[in-house]
Amino acid sequence: MKTFRMGGIHPKENKFSAGKQIQVAELPKQVVIPLSHYIGTPSEAVVKKGDVVKVGQLIGKANGLISANVHSSVSGKVNKIDVQLDATGYKRSAVYIDVDGDEWLETIDRSTEIKRECNLSKEEIIRKIQDAGIVGLGGATFPTHVKLSPPPGKKANILIINAVECESYLTCDHQLMLEKGEEILVGTTILMKALEVNRAVIGIENNKKDAIVHLQQLAKNFKGIKVEALKVRYPQGGEKQLIDAIIRRQVPSGRIPIEVGAVVQNVGTTYAVYEAVQKNKPMIERVMTISGKTAPNPGNYLVRLGTYLASVVDQAGGIPEGTGKIVGGGPMMGRSLMNLNVPMAKGSSGVVFIRKEESVRKPVKNCIRCAKCVTVCPMGLEPFLLMSQSERNMWDEMEDNCTMDCIECGSCSYTCPSNRPLLDYIRFGKTTVGGIIRNRATKK
Amino acid sequence: MDKLIISPAPHIHGGDSVSKDMTGVIIALVPALLVGLYFFGLGALVVTLTAVASCVLFEYLIQKFMLKGSNTVMDGSAALTGLLLALNLPSNIPVWMVVIGSLVAIGIGKMSFGGLGNNPFNPALIGRVFLLISFPVEMTTWPRPVPFSAAYLDAETAPTTLAMIKDHFGEIPSTLDLFIGNMGGSLGEISAVAILIGLVYLLVKKIITWHIPVSILATVFVFTGILNLANPELYASPVVHLFSGGLMLGAVFMATDYVTSPMNPRGMLVYGVGIGIITVVIRAFGAYPEGVSFAILIMNAFTPLINTYIKPKRFGEKVKI
């Protein structure tokens, strides 16, 4: 069974919500839709206080290349446009909408009937995806239409669908594949057309055997799509790792996947592409997992964007007793939340409750130079060295030791027997070194 | 609800700890220790208990009264140093020498550099080499293996295989005896099979990787093989070299010491080959019949250099410019 060739760990999977049917979360009374979803330039609001909006109506227009349209996820009246603390801990401009009924734009096809035919041209597909405000739903939220438009001179020859879901606890992609398998394959075909490739591989980790079998069955009716079972190993969902696992090519340092002829799209994104292109439905809702060892009702919920996480968590039984930390996203790369009064964004894949005992980091001891961080690093770096260089402000040395290649997967900190905060220091160093590199570039 | 904890990712930890790793190595040493106790009886027991107890005690005292740091003896590394030191000593060595060896190992070898993680040289080997140079007679007089022996200081002595090879006398034990450990030697080094069981355990538990032990053993095998082919009269066969002296113990347990060995697979291979070559050079051409301890200490000194100049294989294809 294939997997990536360097480093990696295998945290306890804890997929408590696996196989739990996707439940439609209740419509909230108010939504707060951020005008930027983690990455890229914030979009510009095109509604003002008092405007009446329908579900799917454009409320924020993309601003520049790395930016995405934002649509209303509910119908109702715009209450205000104000700043709101989001799940990443930053204040962002957001549109507050008071919900009134559930009236959708007429152009959106709300039937559940699967529409397989797509006769649109490559340009029309990309335009539709761009209009629908689709971004990568794996977490980085990079605008999808940009990824579908390779720089001049570069040509993709394979599309890779990232259905790895290597983070513990999260099951939203898994459940989506079980329930919307055919739609995902149609979405894949559409993406293949947009990229003009005739080969696509859907990479799924082997702990989702039912999804693998299901999609393999369905894929028989789709030309050029292969479903590949991958050995369970974190961080296989990392773009570079997944490409290495599937086509045995390693994207060069500082380059993007197109360099080796690959484009990677998340499986949730692929479903959103299907809905956008075939059903005219913009990016207004997504599936998220609510889970944790003590979660009363771990499950997968279809949630409208801008819903307060607290409202979804309440429907899943509330915050369990003894919770020490609440993570937005998976436990390896997610962010710990200050509270649940933050809106659901396009990249919100889950809420995970961590028990108090597990939340507190153990005391840091001396580095015993066991080299386990080096062994597990999927990028072939030396975390122990980067940490000590970061502690000593040795930025040039950090750059020489390839710190910018770090994908911040956290395998080093996870493994360290001395509980050293390796990634904290590396991240800090990366930010500084990144600034130095940008400065140098502008001076030239 | 109580306040939530905020921290950067990752939010979970694998549960590995220093004491788990140390305990793992100690468990891996149990087979070798049992063979030592079987062949050397009472003497082996006394030496082992003395070394472990004095290493732990010295670390505790130094930490408490000199470094005034937090108590570190519970991480198990002092006990491991004591055990490794004992396994590198003849079982008929007087107790007071064991205590001195432990003091040098812990005090000079480890704590003077700031404790676990900071020492450039393997502490147990510092202790052993100090004793070897200070008390050459006691350190090179090995008892004859007698199952369940009750003898200690008065044990009947026997030469090691390597001494026989060096000075061309006696009958080299059969390969089977070399393999199971029925021969003269230090307390824990005699049985290749017991040490290999320990190696399997270390590899399965992912406490160490294969690079260091395999590169050392392979280098010694190839190098002594060449010498043996060139002159079988003068140089023993590679199999005898592999299974005699401290090579197995050194390759599996001493050279793989976390703190003093290189930090990436490529560096580990260079380090291992270096140890192998130096060992054979000392065994074949040096004054001492055995050279594993010296070889490891010499390569320990090269470890920072190896870490600086030999980098792990980075992810990513090279871009043609």
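Caption draft 1: Highlighting the overall build of chain B. Scanning chain B from terminus to terminus reveals 13 helices and two strands. For chain B, the C-alpha radius of gyration of 21 Å lies close to 20 Å, the compact-globule estimate for 321 residues. A separation threshold of at least 6 residues defines the contact pool for chain B, and within that pool the share at least 24 residues apart is 74%.

Caption draft 2: Fine view of the overall build of chain A. A tally of helices and strands in chain A yields 14 helices and 17 strands. Taking 22 Å as the expected radius of gyration for a compact globule of 444 residues, we find that chain A reaches 21 Å, a close match to that expectation. Dimensions along the principal axes, computed over C-alpha positions, put chain A at roughly 65 × 50 × 50 Å. For chain A, with 444 residues in total, the buried portion stands at 55%.

Caption draft 3: Seen up close, helix 2 (residues 77–87) of chain B. Residues and elements named next belong to chain B. Most of helix 2 is tucked away: 11 of the 11 residues are buried. Of the residues making up helix 2, those classed as buried are Ser77, Ala78, Ala79, Leu80, Thr81, Gly82, Leu83, Leu84, Leu85, Ala86 and Leu87. Next to the buried residues of helix 2 lie helix 1 (18–67), helix 3 (95–110), helix 4 (123–134) and helix 11 (247–254).

Caption draft 4: Helix 5 (residues 209–219) of chain A, seen in detail. Residue and element names in this part refer to chain A. What helix 5 keeps buried is the set Ala211, Ile212, Leu215 and Ala219. Along the axis of helix 5, the buried residues cluster in a sector spanning 100°; they form a single face. For helix 5, exposure combined with an orientation more than 90 degrees from the buried face picks out Lys209, Asp210, Val213 and Gln217. On its buried face, helix 5 sits against helix 3 (172–179), helix 4 (181–195), strand 10 (200–205) and strand 11 (225–230).

Caption draft 5: Representation of the sheet that holds strand 1 (residues 22–24) of chain A. All names here are of chain A. Spatially, six strands are ordered 1-14-13-17-15-16 in an open sheet, and the strand pairing comes out mixed. Pairing within the sheet leaves two strands with one partner each, and these edge strands are strand 1 and strand 16 (335–336). Across five bridges, the pairing between strand 15 (residues 323–328) and strand 17 (residues 350–355) is antiparallel. What sits directly across from Lys325, in strand 17, is Ile354.

Caption draft 6: Main features of the environment of Gln57(A). Residue and element names in this part refer to chain A. Along the chain, Gln57 falls in the loop between strand 4 (52–53) and strand 5 (58–61). On the basis of neighbour counts, which here come to 20 C-beta atoms within 10 Å, the residue Gln57 falls in the buried class. Among all residues touching Gln57, those that are not within four sequence positions of it are His71, Ser72 and Leu105.

Caption draft 7: Representation of the packing of helix 4 of chain A against helix 7 (residues 267–279) of chain A. Residues and elements named next belong to chain A. Relative to each other, helix 4 and helix 7 sit at 80°, their axes nearing to 8 Å. Here helix 7 runs roughly perpendicular to helix 4, going by the angle between their axes. Listed contacts from helix 7 to Glu183, Ile184, Val186, Gly187, Thr188, Ile190 and Leu191 of helix 4 are Val267, Thr270, Tyr271, Val273, Tyr274, Val277 and Gln278. The class makeup of the residues in the contact of helix 4 with helix 7 is nine nonpolar, four polar and one charged.

Caption draft 8: Structural detail: the packing of helix 8 (residues 192–204) of chain B against helix 11 of chain B. All names here are of chain B. Where helix 8 meets helix 11, the closest approach of the two axes is 9 Å, and the angle between their N-to-C directions is 15°. Compared by their axis directions, helix 8 and helix 11 come out roughly parallel. When the axes of helix 8 and helix 11 are compared, the crossing they make is left-handed. Contacts from Ala192, Ile195, Gly198 and Leu199 of helix 8 reach helix 11 at Met248, Leu249 and Val252.

Cut-offs applied
- Residues numbered from 1 in each chain as written.
- Chains lettered and ligands numbered in written order.
- Predicted model: local features only at pLDDT ≥ 70, side-chain atom pairs only at ≥ 80, totals over all residues.
- Helix = DSSP H or I, 4+ residues; strand = E, 2+ residues; numbered from the N terminus.
- Rg over C-alpha atoms; globule rule 2.2 N^0.38 Å.
- Contact = placed C-beta atoms within 7 Å.
- Buried ≥ 20, exposed ≤ 12 C-beta atoms within 10 Å, placed from the backbone.
- Arc of directions from axis to C-beta.
- Pairing = 2+ DSSP bridges.
- Axes fitted to C-alpha atoms, helices over the stretch in contact; angles between N-to-C directions.
- Parallel < 35°, antiparallel > 145°, perpendicular 65-115°, else oblique.
- Nonpolar A, V, L, I, M, F, W, Y, C, P; charged D, E, K, R; others polar.
- Left-handed = near helix turned anticlockwise from the far one by under 90°.

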